[in-house]
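Letter by letter, the chains look like this.
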2 protein chains.
Amino acid sequence: MEDYLESISMLAQGGKVVRVTQISKALGVRKPSVTSALKKLSKEELVEHERYGYVKLTDEGQKIAEDVFHRHETLRHFLGEILGVNPKMAVEDACKMEHAVSPITLERLAKFVEFVLNRPRGKPEWLKGFNYYFEHGDLPPEYTAKCLRDK
Amino acid sequence: MEDYLESISMLAQGGKVVRVTQISKALGVRKPSVTSALKKLSKEELVEHERYGYVKLTDEGQKIAEDVFHRHETLRHFLGEILGVNPKMAVEDACKMEHAVSPITLERLAKFVEFVLNRPRGKPEWLKGFNYYFEHGDLPPEYTAKCLRDK
DNA sequence: TCCGTTTGTTAGGATACACTAACAAAATAA
DNA sequence: TTATTTTGTTAGTGTATCCTAACAAACGGA
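About the criteria used
Residues numbered from 1 in each chain as written. Chains lettered and ligands numbered in written order. Predicted model: local features only at pLDDT ≥ 70, side-chain atom pairs only at ≥ 80, totals over all residues. Heavy atoms only, no water. Helix = DSSP H or I, 4+ residues; strand = E, 2+ residues; numbered from the N terminus. Rg over C-alpha atoms; globule rule 2.2 N^0.38 Å. Buried < 20%, exposed > 50% of the residue type's maximum accessible area, 1.4 Å probe, protein only. Contact = heavy atoms within 4.5 Å. Areas by Shrake-Rupley, 256 points an atom, 1.4 Å probe, with all protein chains shown as cover. Near = heavy atom within 4 Å. Polar contact = N/O pair within 3.5 Å; in protein donor to acceptor, adjacent residues only side chain to side chain. Nonpolar A, V, L, I, M, F, W, Y, C, P; charged D, E, K, R; others polar. Least-squares fit on C-alpha atoms with pLDDT ≥ 70 in both. Patch = residues over 30% accessible without salt bridge, like charges linked within 9 Å, V, L, I, M, F, W, Y side chains within 5 Å. Salt bridge = Lys/Arg side-chain N within 4 Å of Asp/Glu carboxyl O. Lys, Arg positive; Asp, Glu negative; His and termini not counted. Charge placed at Lys NZ, Arg CZ, Asp CG, Glu CD. Phe/Tyr/Trp six-rings, centres within 6.5 Å; stacked < 30°, edge-to-face > 60°. Lys NZ or Arg CZ within 6 Å of the ring centre and 35° of its normal.

A.B. asks: A description of the overall build of chain A should follow, citing residues and the corresponding values.
C.D. replies: Looking only at helices and strands, chain A features eight helices and two strands. Put simply, chain A runs from its N terminus to its C terminus through helices and strands in the order α-α-α-β-β-α-α-α-α-α. Relative to the globule expectation of 15 Å for 151 residues, the C-alpha radius of gyration of chain A, 21 Å, shows a markedly less compact shape. Overall, the C-alpha framework of chain A stretches about 75 × 25 × 25 Å when taken along its three principal axes. Within chain A, the fraction of its 151 residues that count as buried is 41%. Considering only contacts within chain A whose residues lie at least 6 apart along the sequence, 49% involve residues at least 24 apart. A total of about 8,900 Å² of accessible surface is found on chain A, and carbon and sulfur atoms cover 53% of it.

A.B. asks: Describe in detail the protein's contact with DNA strand D, supporting the description with residues and values.
C.D. replies: Every one of the 18 residues lining DNA strand D counts as a neighbour, but Thr21(A), Thr35(A), His49(A), Tyr4(B) and Ser33(B) are closest to it. By atom count, sugar and phosphate contribute 80% of the portion of DNA strand D lying within 4 Å of the protein. A distance of 3.3 Å separates a sugar or linking oxygen of DNA strand D from a polar atom in the side chain of Arg51(A). The separation between a phosphate oxygen of DNA strand D and a polar side-chain atom of Ser33(B) is 2.7 Å. Secondary structure elements with two or more residues in the surface near DNA strand D: helix H2 (20-27) and helix H3 (31-43) of chain A together with helix H3 (31-43) of chain B. In terms of residue count, H3(A) provides more of the surface near DNA strand D than any other element does, four residues in total. Partitioning the surface near DNA strand D into residue classes produces eight nonpolar, four polar and six charged.

A.B. asks: Describe the environment of Val55(B), naming the residues involved and giving the relevant values.
C.D. replies: Residues and elements named next belong to chain B. Position of Val55 relative to the elements: it lies in strand E2 (residues 55-57). Along the primary structure Val55 and Leu5 are separated by 50 residues, whereas in three dimensions their C-alpha atoms are 10 Å apart. Not counting chain neighbours up to four residues away, the residues in contact with Val55 comprise Ile8, Val18, Ile23, Leu38, Glu48 and His49.

A.B. asks: Give me the lowdown on the protein's contact with DNA strand C, citing residues and values where you can.
C.D. replies: Near DNA strand C lie 18 residues; those nearest to it are Tyr4(A), Ser33(A), Thr21(B), Thr35(B) and His49(B). The contact atoms of DNA strand C, taken as those within 4 Å of the protein, divide so that sugar and phosphate hold 79%. At a separation of 3.1 Å, a phosphate oxygen of DNA strand C approaches a polar side-chain atom of Lys40(A). Listed by contribution, the elements that provide at least two residues to the surface near DNA strand C are H3 of chain A together with helix H2 (20-27) and H3 of chain B. Ranked by residues supplied to the surface near DNA strand C, first place goes to H3(B) with four residues. Classifying every residue of the surface near DNA strand C by side-chain character gives eight nonpolar, four polar and six charged.

A.B. asks: Could you give an account of the relation of the copies chain B and chain A, with specific residues and numbers?
C.D. replies: For the pair chain B and chain A, the relating rotation is 180°, the translation along its axis is 0.0 Å, and the fit reaches an RMSD of 0.1 Å. Seen this way, the second copy is the image of the first under a two-fold rotation axis. Scanning chain B for the C-alpha nearest the rotation axis identifies Met97(B), at a separation of 3.0 Å. Both copies contact each other with a shared surface, as 100% of the interface residues of chain B are interface residues in chain A too.

A.B. asks: Please give an account of a positive patch on the surface that cites residues and values.
C.D. replies: Among the surface-exposed residues, Lys39(A), Lys40(A), Lys43(A) and Arg51(A) lie close enough to one another that they form a single positively charged patch. Along the chain, Lys40(A) turns up in helix H3.

A.B. asks: Go over a negative patch on the surface, please, and point to the residues and values.
C.D. replies: There is a patch of like negative charges on the surface, built from Glu45(A), Glu48(A), Glu50(A) and Asp59(A). Relative to the assigned elements, Glu45(A) resides in the loop between H3 and strand E1 (47-49).

A.B. asks: Account for the interface of chain B and chain A, with residues named and values stated.
C.D. replies: Counting residues at the interface gives 37 residues for chain B and 37 residues for chain A. For the pair chain B and chain A, the interface holds zero salt bridges. Our enumeration of links across chain B and chain A arrives at ten residue pairs in polar contact (both at pLDDT 80 or more). Going through the elements one at a time, helix H4 (59-83), helix H5 (87-97), helix H6 (103-118), helix H7 (125-136) and helix H8 (141-150) of chain B are the ones with two or more residues in the side of chain B that touches chain A. If you tally residues by element for the side of chain B that touches chain A, the top one is H6(B), at ten residues.

A.B. asks: Describe the packing of aromatic side chains, naming the residues involved and giving the relevant values.
C.D. replies: Aromatic ring pairs are reported here in terms of the distance separating the ring centres and the angle at which the planes meet. Inspection of every chain in the model, using the stated rule, returns 14 aromatic pairs over all chains. Between Phe115(A) and Tyr133(B), the aromatic rings sit 5.4 Å apart at their centres with planes inclined by 35°, giving tilted as the arrangement. In this pair, Phe115(A) sits in helix H6 (residues 103-118) while Tyr133(B) sits in helix H7, so the two residues belong to two different chains. Since its relative accessible area comes to 2%, Phe115(A) is described here as buried. For Tyr133(B), a relative accessible area of 2% gives the class buried. Through a chain of ring-to-ring contacts, the aromatic side chains of Phe78(A), Phe112(A), Phe115(A), Phe130(A), Tyr133(A), Phe134(A), Phe78(B), Phe112(B), Phe115(B), Phe130(B), Tyr133(B) and Phe134(B) assemble into a single cluster. Between the NZ or CZ atom of Lys111(A) and the centre of the ring of Tyr133(B), over which it lies, the distance is 5.6 Å.

Below, the structure written as structure tokens:
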């Protein structure tokens, strides 16, 4: 259900109206699945939807959608920019993982991503070291040199 | 189903025999759920189990169990030792996430954890900086000092 | 050995999704 | 305005899990 909310929110960007067919395509499910999801979400007061009409999120629904989106983006950034997973797979995995992360963990992950990518400024050296390590299974020359020097 | 395999594998550690009740308790589900899971896993040749008897993993089942366990441990380490999530929650979140991570992403995560915690040796300084940042919402004094100096 | 407890199974049902087929409403084009 | 196409709904199914209640097998002590 979270995916439906997230998708509706995305499709509504810029004040556009949202219809069943769009949601169906966005999520890769058939239209009857959308209809029944909407029925359920209406009952929970997360969307407004009348037969054959447009779909709109309630405030509560919008809040949840934004939360899911935030989880998604945090994971996507972590996977893509820190682990170096390719963009397509980063999105796919983020989609699956976004429903499994607890709020507290997510908050820490968000801070982590922010810390690594922006503090004190820009991507740190060690992350480049990690990329090298991942590609070559060993540390880059300067690390090794430093290690030897330290001995 | 993966959870069943993982659990059976854990319970069998050290050559111990495994029974339905144990699995039931380990996973927090009722015994009929275990019985039917075993029926299914038997059909897929992942476990051996005859009525009222012990439960054993096949080689194939053991392989999958170990893979799940590896995913679990990788995630747990990441959450606990890098993000600093408390141990109990690290386990819980790892349990939920372990079924959502693709193999490629998992491999990168494993390398990342190894890199951060062991290369070139021990926990790096910046990770302590992160912990401080998370607690105080700001960088520790030495970072700030370094920043100013660099200016 | 036989009776109660523990352990495991069967039967039947609930929920959360998804799907197809068939139909109904709305929109569009002739 | 009527015919056609597009869009959305309903009805009925299927699969994956879980559950409870009731029963059956196995185990262990008196």
